[in-house]
Amino acid sequence: MVSPDAMPAGLSPGMRYNAFSRFLKNRFGTKVYRVTSDAGFTCPNVDGTVAGGGCVYCDNRSFSPNRRLPRVTIREQVRRGVTLLQDRYRAERFLAYFQAATNTYAPVEKLRRLYDEALEHPQIVGLAIGTRPDCVPEPVLDLVQSYARERYVCLELGLQSIHDRSLDWMNRGHHFDAFVDAVHRCQGRGLDLCAHVILGLPGETREDMLATARALAALPMDAVKIHNLHVVRDTPMESMYHAGEVRMLEREEYVHLVCDFLELLPPRMVIHRLNGDAPPDYLVAPLWCLDKPRLLDSIRAELERRDSWQGKKMKSEPEA
């Protein structure tokens, strides 16, 4: 039971949510950095399998540095990423993060070869694999589970919203039931499961967004990534934005929504991130998300102002 009157163990007045950086440091005994890898995957709502054109907000170049560069092997991408982070932060341990597009959307043998390449580097301690809930068939889950026997493996599933009308608007090509099915089929495999969520989708009220938080809290999830809807150039949503069909949240709106969202999540759930953005030359709006330190400071300050924390408004914590 989560008491509404006492901050749970593991949280503190200085850190009122369960941050991923702290989770990794506790697990590995040192700070762990993610090295992004782009294996050139596509998505089933891009290639016509379930839809065409991809999600209306998405251009993989906006969040995958490797997709903006000439393609090299996963082995070389990992080597470059490790070297860069070592030089910049004196880092020692890393996760190989397969980020761009759907990173389980290929035959098992191809996936095995790519994951093995990433894990060859002696300083890689685990995998983070971004994918869709409709792209994790049993043979793929068996493969990912085989790595989790000896390594940390985080499987990131794109939820975005529990509301099917929102998933239809963004051209996802699947509904919430696909996410629930994937989560249950992942149980008992030794994986950390992380859901991606977007706040500020057109047509969603505050209560709609908080319903997504409550649904996540009721599922056997380990982590969540929370993003603000933002407009990337050369996407269908850019045209919608300029036509006045979609509105971006103001910064203070988003700060309050994130805090509301966190209050409904179990304190055990790890928070991988609290905002989304894009490089300045890709971002159209809102420009406030470029100042990530200020945004995170505002979220911490709002939780402090409320004397609140992750999970404070949960009635009870579901069993893992």
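Anyway, here's the lowdown on the structure attached to this text. Keep in mind it's a predicted model, so treat the numbers as computed, not measured.

Focus on the nonpolar core
At step 1: Among the nonpolar cores identified, the biggest contains 80 residues, and Phe179 and Leu216 are the most heavily contacted of them.
At step 2: It is helix α9 (residues 251-263) that provides the largest number of residues to this core, a total of 7 residues.
At step 3: Sequence-distant contacts of Leu216, that is, excluding residues within four places in its chain, are made with Leu159, Phe179, Ala195, Val197, Met221, Val224, Phe261, Leu265 and Met269.
At step 4: Within the second largest apolar cluster, 14 residues are counted, among which are Val56, Tyr57, Met170 and Val231.

Considering the packing of aromatic side chains
At step 1: This structure, assessed with the given rule, holds 8 aromatic pairs.
At step 2: Between Phe98 and Tyr115 the ring centres are 5.2 Å apart and the planes differ by 75 degrees, which places this aromatic pair in the edge-to-face class. Remark: Tyr115 occurs in helix α3 (residues 108-119) and Phe98 occurs in strand β2 (residues 93-98); sequence separation between them is 17 residues.
At step 3: For Tyr115, a relative accessible area of 0% corresponds to the buried category.
At step 4: Aromatic pair Tyr115 and Tyr147: ring centres 5.8 Å apart, planes at 80 degrees, arrangement edge-to-face. Separated by 32 residues along the polypeptide, Tyr115 in helix α3 and Tyr147 in helix α4 (residues 138-148) bring together distant segments of the chain.
At step 5: Overall, Tyr147 belongs to the buried group, its relative accessible area being 11%.
At step 6: An aromatic cluster is defined as three or more aromatic residues linked by ring pairs; in this entry it consists of Phe20, Phe23, Phe28 and Tyr152.

A look at helix α10 (residues 292-306)
At step 1: The end-to-end C-alpha distance of α10 is 21 Å, a good match for the 21 Å that 15 residues give at a rise of 1.5 Å each.
At step 2: Every buried residue of α10 is listed here: Leu295, Leu296, Ser298, Ile299, Glu302 and Leu303. For α10, the arc enclosing every buried residue in end-on projection is 155 degrees, short of the 170-degree limit, so these residues lie on one face. Every exposed residue of α10 that faces more than 90 degrees away from the buried side is listed here: Pro293, Glu304 and Arg305.
At step 3: On its buried face, α10 is in contact with α9.
At step 4: The N-capping residue of α10, defined by a side-chain oxygen 3.3 Å from the backbone nitrogen of Arg294, is Asp291.
At step 5: Among the residues trailing α10, Asp307 stands out with phi positive, at a value near 50 degrees.

A look at the sheet that holds strand β8 (residues 270-273)
At step 1: Reading across the sheet, the 7 strands line up as β1-β2-β3-β4-β5-β6-β8 and stay open at both edges, with parallel pairing between neighbours. In this open sheet, the two strands that pair with only one neighbour each are β1 (32-37) and β8. Each neighbouring strand pair of the sheet contributes to a mean axis angle of 25 degrees, computed without reference to strand direction.
At step 2: Bridging between strand β4 (residues 152-160) and strand β5 (residues 192-199) involves 6 bridges; their strand directions are parallel. Within β5, the position partnered with Leu155 by the bridge is Leu193.
At step 3: Relative to β4, helix α1 (residues 20-28) is tilted by about 160 degrees, and along the sheet it contacts β1, β2, β3 (124-131), β4, β5 and β8.

How each quantity is defined
- Residues numbered from 1 in each chain as written.
- Predicted model: local features only at pLDDT ≥ 70, side-chain atom pairs only at ≥ 80, totals over all residues.
- Heavy atoms only, no water.
- Core = buried A, V, L, I, M, F, W, Y, C linked by side-chain atoms within 4.5 Å.
- Buried < 20%, exposed > 50% of the residue type's maximum accessible area, 1.4 Å probe, protein only.
- Helix = DSSP H or I, 4+ residues; strand = E, 2+ residues; numbered from the N terminus.
- Contact = heavy atoms within 4.5 Å.
- Phe/Tyr/Trp six-rings, centres within 6.5 Å; stacked < 30°, edge-to-face > 60°.
- Expected span 1.5 Å × (residues − 1).
- Arc of directions from axis to C-beta.
- Polar contact = N/O pair within 3.5 Å; in protein donor to acceptor, adjacent residues only side chain to side chain.
- Pairing = 2+ DSSP bridges.
- Axes fitted to C-alpha atoms, helices over the stretch in contact; angles between N-to-C directions.

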